[in-house]
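Listed below are the residues making up each chain.
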Amino acid sequence: MAGEVRIRLFATARQLVGTAVLPWPVPSGGLRAAEIVRQLAAAYPRLGPTLSASRFLRNHRYLADLATTIRPGDEFAVHPPYGGG
Amino acid sequence: MAGEVRIRLFATARQLVGTAVLPWPVPSGGLRAAEIVRQLAAAYPRLGPTLSASRFLRNHRYLADLATTIRPGDEFAVHPPYGGG
Amino acid sequence: MIPELRLVRRRLSPERAARDLGRARPGAIVVFAGTVRPDRSAQGRVLALDYEIDRIPARTRLAELLREAHRRFGVDRAVAWHRYGRVRVGDVAVVVGAASAHRDPAFRAARFLIEEIKRTVPIWKEVRARPARRPRRPPRPRAGRGGGSRRARRPPAARRRAG
Amino acid sequence: MIPELRLVRRRLSPERAARDLGRARPGAIVVFAGTVRPDRSAQGRVLALDYEIDRIPARTRLAELLREAHRRFGVDRAVAWHRYGRVRVGDVAVVVGAASAHRDPAFRAARFLIEEIKRTVPIWKEVRARPARRPRRPPRPRAGRGGGSRRARRPPAARRRAG
């Protein structure tokens, strides 16, 4: 059964897509993070450079690499370079 | 006509001599700072090591060396190593 | 005693941090505060910064940084506070600080915290600016008024762009 | 606005320095405060430090250091405050700070000021201590009272020596 991942976009990623939360359909077995990032870049071509510079999180935890599987119900966050302080 | 220099002693120098201000007789032409320091060390033998580590001032200004003449009416200050903060 | 870690909308007070860090009778206290500067940006004069955070990982990371400051520099106490939402020019956006028996660890811990917050905590800022002004008519010089006329001589605002 | 340079008997407030340095809307503020630690010394437990200064050269030198901080680090504002006379344990003896558009000059100027004050300003401190206590009779352990009994278990004071 297919489902959805909740993509959360911050800063320039949010501005370029125009929303902070993007429901993203995934197959029941989920998708590797790399594939979600590829699909995002295809759907929002201007997002490419931001995605290249971003860190990604699954359920509020940083992904060490993009081989991790993101499953239906997961939250997938896109963090462009930080700028606090 | 002879006169007096006002020697001001701080910190360990003051403690070792037992007073903060010491009137010191000098000839009318004054004495070189080096000579005053020598006389002080002779009068207060325990003061020797402190004097070796001290800076000296004439009328609130640091002396670059001890060749400066200190004249009657001058103030001559003995500054052991600092310890503020 | 206020929390070491704060991510808040409301005002931050470096004074409060200094007072709080001093409670432990530490020897040395260092407090850093970062405020929003009245800069010019590409969009015009900065009025405020809107800070966005990803709250859960931001808290996790700040807590790690505080533990690391304690571990690495041996400080007695450290604070790391950051605002989110709108922070106006002149207001404090971030406060870090450390208290220690000696000054070197306190300085180093405070510096470590602010550098790492900027680099590794999921916080972003967006400039809110007043668009640069454009002349409607040529500026009219005023005799006998020096510094005070600088603002008057600036071209009036392109109000349409400001919306 | 309070003076950049202060040599005073009365209490110093790092909070006040932080607030004051923030007035100029600088971007970055660093405040350092040095307090009297409740140390043990050769003479016993430290109760206070008596700070002695040579006032005229101390003011001259502090003013030079402030000018140097402005010149060398380009800070907008700097403060260097030191108490003299008796400063009790826990109280602030020295406050330095700097405000600048960016954090690096503010950190460096604050650090510069405190290092140079310690090294080059004619200020000295003398420890006022409570002499170490000696037992008159062996300590009597109390059952069932943990941390709270620490003071009670310490041998009674050598009151004759303390005067």
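Here the residue numbering is sequential within each chain, running from 1 through the sequence in written order. Each chain gets a letter, beginning with A, and each ligand a number, beginning with 1, in the order they are written. For a predicted model such as this one, the threshold for reporting local features is a pLDDT of at least 70, and the threshold for listing and counting side-chain atom pairs is 80 or more; totals across whole chains, interfaces and linings nevertheless cover every residue. Note: side-chain values were computed over all heavy atoms of the structure, leaving out hydrogens and water.

## Considering the confidence of the model for chain C
Residue and element names in this part refer to chain C. Inclusion rule: Within a predicted model, pLDDT stands for the predictor's per-residue confidence, ranging from 0 to 100. Here, two residues are considered to be in contact whenever any of their heavy atoms come within 4.5 Å of each other.
Within chain C, residue pLDDT values average 85, and 79% of them lie at 70 or more. Confidence drops under a pLDDT of 50 for residues 142-163, and excluding neighbours within four residues, the segment shows 23 contacts in the predicted structure. Of the two predicted TM-score estimates for the complex, the pTM is 0.85 and the ipTM is 0.87.

## Details of the interface of chain B and chain D
Stated precisely, the cut-off is as follows: Accessible surface is computed with a 1.4 Å probe, and the buried area is the amount of it that two parts give up when combined, taken over both parts together. The working definition used for a salt bridge is a side-chain nitrogen of Lys or Arg within 4 Å of a carboxyl oxygen of Asp or Glu. Polar contact is defined as a pair of N or O atoms within 3.5 Å, subject to the rule that within protein one atom must be able to donate a hydrogen and the other to accept it, and that residues adjacent in sequence are counted only when both atoms are side-chain atoms. Per the convention used, a helix needs a DSSP run of H or I reaching at least four residues, while a strand needs a run of E reaching at least two, with both numbered from the N terminus. All residues other than Ala, Val, Leu, Ile, Met, Phe, Trp, Tyr, Cys, Pro, Asp, Glu, Lys and Arg, Gly among them, are scored as polar; the first ten of these are nonpolar and the last four charged.
If you look at the interface, chain B gives 18 residues, while chain D gives 17 residues. Of the roughly 1,400 Å² buried where chain B meets chain D, counting both sides, 51% is carbon and sulfur surface. Our count for the chain B to chain D interface comes out at three salt bridges. Put simply, Glu 126 of chain D and Arg 14 of chain B hold a salt bridge, and the shortest N to O gap is 3.5 Å. Along the contact surface separating chain B from chain D lie 16 residue pairs in polar contact (both at pLDDT 80 or more). At the level of elements, β1 (3-9), α1 (11-17), β4 (55-58) and β7 (75-79) of chain B are the ones that each hand at least two residues to the side of chain B that touches chain D. The element that contributes the greatest number of residues to the side of chain B that touches chain D is α1 of chain B, accounting for three residues. Class assignment for the residues of the side of chain B that touches chain D results in nine nonpolar, six polar and three charged.

## Some thoughts on the sheet that holds β7 of chain B
All names here are of chain B. Inclusion rule: The criterion for strand pairing is that DSSP finds at least two bridges linking the strands in question. Note on definitions: angles span 0 to 180 degrees between N-to-C directions of axes, and those axes are lines fitted to C-alpha atoms, for helices only across the stretch in contact.
Taken together, the five strands give an open sheet; going across it, the order is β2-β1-β7-β4-β5, and neighbouring strands pair in mixed fashion. The open sheet has two free edges, formed respectively by β2 (21-26) and β5 (61-62), since each of these has just one partner strand. Pairing analysis gives four bridges linking β4 to β7, with the strands arranged antiparallel. Paired with Arg 55 across the strands is His 79, a residue of β7. Strands in contact with helix α2 (residues 33-43) are β1, β2, β4 and β7; relative to β2, the strand with the most contacts, it is inclined by about 115°.

## Details of the nonpolar core
Note the threshold: Only buried residues count toward a nonpolar core, which is a set of Ala, Val, Leu, Ile, Met, Phe, Trp, Tyr and Cys residues joined through side-chain atoms within 4.5 Å. Buried residues are those whose accessible area, probed at 1.4 Å on protein chains only, stays under 20% of the maximum for their type, while exposed residues exceed 50% and partly exposed ones sit between those limits.
In this structure, Val 96 of chain C together with Val 96 of chain D are the most contacted members of the largest nonpolar core, which totals 71 residues. Counting residues in each nonpolar core, the second largest holds 26 residues, with Ala 33 of chain C together with Leu 12, Ala 17 and Ala 99 of chain D among its members.

## Observations regarding the relation of the copies chain D and chain C
Keep this limit in mind: Here the copies were fitted onto each other by least squares, based on C-alpha atoms from residues at pLDDT of at least 70 in both.
When chain D is brought onto chain C, the operation consists of a screw motion whose angular component is 180° and whose axial shift is 0.0 Å, with 0.0 Å RMSD remaining. On this basis, the relationship between the two copies can be described by a two-fold rotation axis. For chain D, the minimum C-alpha distance to the rotation axis belongs to Glu 15 of chain D and amounts to 2.0 Å. Counting the interface residues of chain D, we find that 100% of their copies in chain C are interface residues as well, pointing to one common contact surface.

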